[in-house]
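Architecture at a glance
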Amino acid sequence: MSTVAISRCNDYELEKVNIAIKRCLSLIGNVENLIKPGMKVLLKLNLLSAGLGPEKAVNTHPSVIRALVDILQNDYECKVYIGDSCGSLRIGSTYQAFRITQIDKIAEETGAIIVNFDKDETIDIINDNATIVKNFKIAKTVKSVDVVVSVPKLKTHGLTRYTGAIKNMFGSIPANGKKNVHLMAPKARLMAQALVDVFEMVQPHITIMDAIIGMEGNGPNAGDPRKVGLVIASYDGVALDTVASTIIGYDPMAVPIIRYAYERELGTADIRNINIVGEEINKVSVLDFKKPSSSAQDFASKYIPNFLLAKMFDSSCTSVSSVYEPNCTRCYECIKNCPAKAMSAPNGRVIVDEDKCIGCFCCDEVCNYKAIVMKRSFMGRTFLKMAQFLGVERIQ
Ligand code: SF4
Ligand code: SF4
């Protein structure tokens with residue numbers, strides 16, 4: 001049976017974060033059998049944004065990173081690496097994400113080694129079980145260290161509903177590789193399968209989630225910070241996502257990425273078979289956590305069989321991007337990051353070719369000005385209105 005540890009942590013004061021992480025590690029148990037002195041340990045962060053600071057709750061918070069570096073160096077005597085590839089394709093953006101998350105300072109003070117996955121050597125991964133992504137390249141460091149500790153942030157996600165342990169490992173793929181996966185999986189349902197294909201091959205040894213301040217609403221970049229006040233840890237990333245998504249009011253089996261990972265037997269999503277230790281889940285839940293607009297599909301999934309739902313949403317409920325001009329600064333970050341080349345600015349103003357748009361949310365992920373609006377189809381709008389009318393979901 002998988003164990004998930006939950007520890008309260010009210011804010012990002014370093015000492016409190018340190019205590020919460022140590023408590024989680026002690027609760028999941030046997031960490032000393034996995035991490036031994038002299039080992040190389042990689043902290044795989046969630047650094048989506050190169051432009052938004054820690055107060056925006058987009059990236060893994062620097063206090064969590066600092067506490068983990070201190071614990072791994074002082075208690076486990078390890079050599080610590082800190083790595084990721086951020087969400088933007090712009091040259092230098094991952095370095096900028098390291099700077100804005102103060103990781104350069106942490107590395108300078110502790111001697112931890114920063115690994116920019118966009119600049120790292122890559123290795124080829126082949127997944128014979130894959131549904132969508134059979135071959136892909138990942139940063140070599142992910143496989144060359146002894147232990148990988150994934151450190152995701154608890155957030156909603158317009159495309160995948162929720163992002164946590166499973167989705168965080170997608171960042172093992174450097175820069176353009178991630179955009180190629182979006183092109184291979186141009187529907188939300190296919191993307192969830194693709195993310196599970198990747199997770200299957202790069203599963204971390206431990207996941208420690210920054211759920212102290214999460215992101216609600218239209219995450220992962222344009223939502224709002226929301227206090228959850230927790231650190232959550234597990235050896236089983238699927239079980240961790242099951243517990244974390246339940247805490248913020250999701251039915252985990254209605255979150256496709258969790259359901260697919262469970263069906264592929266990559267971990268457990270049956271909460272009755274998860275040993276939850278530390279805090280009681282019902283005492284720490286934040287059930288009015290706002291869901292992204294696209295969560296109307298979750299509502300629909302409770303009433304419509306999966307095979308029918310997939311057909312309906314693939315054909316008529318996929319969102320397309322549009323630009324809310326008053327918020328747009330014309331930085332053109334979105335155009336550089338659109339894998340489908342559906343965006344352009346022929347007269348300065350950004351426009352979207354809806355016939356080319358695959359609804360991948362890449363533009364939304366890199367826009368720091370909340371200027372991207374995902375337009376729902378007729379069916380999407382209908383389900384959203386029903387969900388809001390019935391009050392069954394608190395949707396942004
Ligand atoms: S929509 Fe956002 S990312 Fe695109 S140009 Fe406008 S401000 Fe920049
Ligand atoms: S316009 Fe936005 S949502 Fe549409 S394909 Fe481009 S990046 Fe993806």
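Whatever comes next refers back to the structure up there.
Here goes a summary of the coordinates provided. This is a predicted model, so every value here is computed, not measured. (Residues numbered from 1 in each chain as written. Chains lettered and ligands numbered in written order. Predicted model: local features only at pLDDT ≥ 70, side-chain atom pairs only at ≥ 80, totals over all residues.)

This paragraph deals with the overall build of the protein chain. When helices and strands are tallied, the protein chain shows 17 helices and 16 strands. Among the 396 residues that make up the protein chain, the fraction classed as buried is 56%. In the protein chain, once contacts between residues fewer than 6 apart in sequence are set aside, the share between residues at least 24 apart is 75%. (Helix = DSSP H or I, 4+ residues; strand = E, 2+ residues; numbered from the N terminus. Buried ≥ 20, exposed ≤ 12 C-beta atoms within 10 Å, placed from the backbone. Contact = placed C-beta atoms within 7 Å.)

Our next topic: unusual backbone geometry. One can expect most non-glycine residues to show negative phi and most peptide bonds to be in trans. A cis amide bond links Gly 219 with the next residue in sequence, Pro 220, at an omega value of 15°. Relative to the helices and strands, Pro 220 is located in the loop between β10 (206–216) and β11 (224–234). The phi angle at Glu 77 is positive, at roughly 55°, despite the residue not being glycine. Relative to the assigned elements, Glu 77 resides in the loop between α3 (62–74) and β3 (79–84). You can call Glu 77 exposed: it has 12 C-beta atoms within 10 Å. In this structure, Gln 102 takes a positive phi of about 65° despite not being glycine. Relative to the helices and strands, Gln 102 resides in the loop between α4 (93–100) and α5 (103–110).

This part takes up the nonpolar core. The biggest cluster of nonpolar side chains holds 122 residues, and the ones touching the most others in it are Leu 68, Val 231 and Ile 232. Among the elements that line this core, the one with the most residues is helix α9 (residues 188–201), at 9 residues. Composition of this core by domain shows at least three residues from each of domain 1 (2–284) and domain 2 (293–390). Setting aside its immediate chain neighbours within four residues, Ile 232 contacts Val 4, Ala 5, Ile 6, Met 209, Ala 211, Leu 240, Val 243 and Ala 244. (Core = buried A, V, L, I, M, F, W, Y, C linked by C-beta atoms within 7 Å. Domains from an automatic or database assignment.)

What follows is about helix α10 (residues 237–247). Counting buried residues along α10, 11 of its 11 residues qualify, which places the element largely inside the surrounding structure. The complete set of buried residues in α10 reads Gly 237, Val 238, Ala 239, Leu 240, Asp 241, Thr 242, Val 243, Ala 244, Ser 245, Thr 246 and Ile 247. Where α10 ends, the next residue or the one after it, Gly 249, has phi of about 90°, a positive value.

Moving on to the site of ligand 2. Around ligand 2, a shell composed of 13 residues is seen, among which Ser 321, Cys 338, Cys 357, Cys 360 and Cys 363 lie nearest. Grouping the constituent residues of the shell around ligand 2 by class yields 11 nonpolar, 2 polar and no charged. (Near = placed C-beta within 6 Å. Nonpolar A, V, L, I, M, F, W, Y, C, P; charged D, E, K, R; others polar.)

Next up on the list: the packing of helix α1 (residues 14–28) against α3. Where α1 meets α3, the closest approach of the two axes is 9 Å, and the angle between their N-to-C directions is 60°. One element, α1, and the other, α3, form an angle in the oblique class. In this structure, α1 crosses over α3, and the sense of that crossing is right-handed. Side by side, α1 and α3 meet where Leu 14, Val 17, Asn 18, Ile 21 and Lys 22 of the first sit next to Ser 63, Val 64, Arg 66, Ala 67, Leu 68, Asp 70 and Ile 71 of the second. Residues belonging to the contact of α1 with α3 are distributed by class as follows: 7 nonpolar, 2 polar and 3 charged. (Axes fitted to C-alpha atoms, helices over the stretch in contact; angles between N-to-C directions. Parallel < 35°, antiparallel > 145°, perpendicular 65-115°, else oblique. Left-handed = near helix turned anticlockwise from the far one by under 90°.)

In the vicinity of ligand 1 there are 14 residues, among which Cys 328, Cys 331, Cys 334, Cys 367 and Ala 371 approach most closely. Class assignment of the residues belonging to the shell around ligand 1 gives a composition of 11 nonpolar, 1 polar and 2 charged.

Assignment of secondary structure puts Lys 22 in helix α1. Remark: the alpha-carbon pair of Lys 22 and Leu 68, spanning 46 residues in sequence, is separated by 8.9 Å.

Another aspect to go through is helix α8 (residues 175–184). Turning to α8, its buried residues number three or more, namely Ala 175, Gly 177, Lys 178, Val 181 and His 182. On its buried face, α8 sits against β6 (135–139), α9 and α16 (362–366).

What follows covers the packing of α10 against helix α11 (residues 256–263). Two measures define how a pair of helices packs: the angle their axes make with one another and the distance between the axes. Direction vectors running N to C along α10 and α11 enclose 145°, while the axes themselves pass 10 Å from each other. Between α10 and α11 the crossing geometry is left-handed. Contacts from Val 238, Asp 241, Thr 242 and Ser 245 of α10 reach α11 at Ile 258, Ala 261 and Tyr 262. Here the residues of the contact of α10 with α11 sort into 4 nonpolar, 2 polar and 1 charged.

Covered by surrounding structure in strand β16 (residues 372–375) are Ile 372 and Met 374 only, the residues Val 373 and Lys 375 on the alternate face being uncovered. Two elements, strand β13 (residues 320–323) and β16, share 4 bridges in a ladder whose sense is antiparallel. For Val 323, the partnering residue across the bridge sits in β16 and is Ile 372. (Pairing = 2+ DSSP bridges.)

By themselves, these figures tell us nothing about what the structure is for.
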